[in-house]
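Residues per chain, in single letters:
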Amino acid sequence: MSGVNSPYRYQYEHVAASQTLQTLGGTGAAGDYLHRLVCTVSTAATAQVQIKDGATGFTHTVLPNSPGGGVGNYNIELNMVSRVGAWQVSTGAGVEVVAIGVFSA
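Rules of the game
- Counting starts from 1 at the beginning of each chain's written sequence and moves along it residue by residue.
- Under the rules for a predicted model, residues below a pLDDT of 70 receive no local features and side-chain atom pairs below 80 are neither given nor counted, while totals for whole chains, interfaces and linings still include all residues.
- Hydrogens are left out, water is left out, and the side-chain values use all remaining heavy atoms of the structure.
- Only one rule defines a salt bridge in this text: a Lys or Arg side-chain nitrogen within 4 Å of an Asp or Glu carboxyl oxygen.
- In this description a helix means any DSSP run of H or I spanning at least four residues, a strand means any run of E spanning at least two, and both kinds are numbered starting from the N terminus.
- Per-residue accessibility, obtained with a 1.4 Å probe over protein chains only, is compared with the maximum for each type, and a residue is labelled buried under 20%, exposed over 50%, and partly exposed between these values.
- In protein, a polar contact requires one atom able to donate a hydrogen and another able to accept it; more generally it is a pair of N or O atoms within 3.5 Å, and residues adjacent in sequence count only if both atoms are side-chain atoms.
- Whether two residues touch is decided by their heavy atoms; if any such pair falls within 4.5 Å, the residues are in contact.
- Any two strands with at least two DSSP-identified bridges between them are counted as paired.
- Comment: axis = line fitted to C-alpha atoms, over the contacting stretch for helices; angle = value between 0 and 180 degrees taken between N-to-C directions.
- What is meant by a nonpolar core is a set of buried Ala, Val, Leu, Ile, Met, Phe, Trp, Tyr and Cys residues, joined one to another through side-chain atoms within 4.5 Å.

Draft legend 1. Layout of the pattern of salt bridges. All told, the structure shown has one salt bridge when counted by the stated rule. The salt bridge partner of glutamate 77 is arginine 36, with a shortest N-O separation of 2.7 Å. In this pair, glutamate 77 is assigned in strand β6 (residues 72–81) and arginine 36 in strand β3 (residues 33–41), connecting sequence segments 41 residues apart. Residue classification places glutamate 77 among the partly exposed positions, given a relative accessible area of 42%. For arginine 36, a relative accessible area of 26% corresponds to the partly exposed category.

Pasting the structure below:
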């Protein structure tokens, strides 16, 4: 088993600060698995992280601006399968993310 066909081979992708709807994986697709987001907050006031399920899917804030713990690292366990299309991540100016999951190439 290799690549996206194996649920036991997680991939990771870096999402820099100030990104808008960065697709996870080469193209991403419905059925992609988003296991976890590791968010590194450098400026709490602009720390918002949002995920979106495909171009027409929902947008959900998973880390707000000014999170309670302030500057630091946040592990957000998601364990979600996309229904609509590729997972997309948007980040504020004060946060970067490592997305872990199984994404289409």
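Draft legend 2. Representation of the side chain of glutamate 13 within the structure. Inspection of the secondary structure puts glutamate 13 in strand β1 (residues 11–15). Looking at glutamate 13, its side chain comes within polar contact range of the side chain of glutamine 22, at 3.0 Å. Within the structure, the side chain of glutamate 13 is placed 2.7 Å from the backbone nitrogen of glycine 25, a separation counted as a polar contact. Filtering out sequence-adjacent residues up to four positions away, glutamate 13 remains in contact with Gln22, Thr23, Leu24, Gly25, Val97, Val98 and Ala99.

Draft legend 3. Examining the sheet that holds β6 more closely. Strands sit in the order β1-β8-β3-β6 across an open sheet of four strands; the sheet is antiparallel. Whereas interior strands pair on both sides, the edge strands pair on one side only; in this sheet they are β1 and β6. Between one strand and the next, the sheet's axes are offset by a mean angle of 20°, whatever the strand orientation. Relative to strand β8 (residues 95–102), β3 is paired through eight bridges, and the arrangement is antiparallel. If you follow leucine 37 over to β8, its bridge partner there is alanine 99.

Draft legend 4. Summary view of the environment of alanine 17. As for its placement among the helices and strands, alanine 17 is situated in the loop between β1 and β2 (22–23). Accessibility expressed as a relative area gives 29% for alanine 17, which makes it partly exposed. Sequence separation between alanine 17 and glycine 70 is 53 residues, and the spatial gap between their C-alpha atoms is 16 Å. Leave out the neighbours within four places in its chain, and alanine 17 touches Thr91, Gly92, Ala93, Val95 and Glu96.

Draft legend 5. Quick peek at the nonpolar core. Leu24, Leu34, Leu37, Cys39, Val49, Ile51 and Leu63 are the most contacted members of the largest nonpolar core, which totals 21 residues. For this core, the secondary structure elements donating two or more residues are β3, β4 (49–53), β5 (59–63), β6, β7 (87–91) and β8. In this view, leucine 24 contacts Glu13, Val15, Asp32, Leu34, Trp87, Val89, Ala99 and Phe103; residues no more than four positions away in its chain are not counted.

Draft legend 6. View of the pairing of β4. With respect to burial, β4 is a largely interior element, four of its five residues being buried. Note: β4 against β5, four bridges, orientation antiparallel. Across the sheet, residue lysine 52 finds its bridge partner in β5, namely threonine 59. Hairpin remark: β4 followed by β5, antiparallel, with five residues in the connecting loop; positive phi at glycine 54, about 70°. The pairing of β4 with β7 spans five bridges and is classified as antiparallel. Following the sheet pairing, lysine 52 is matched in β7 by glutamine 88.

From the geometry alone we can't say anything about function, so treat these as descriptive.
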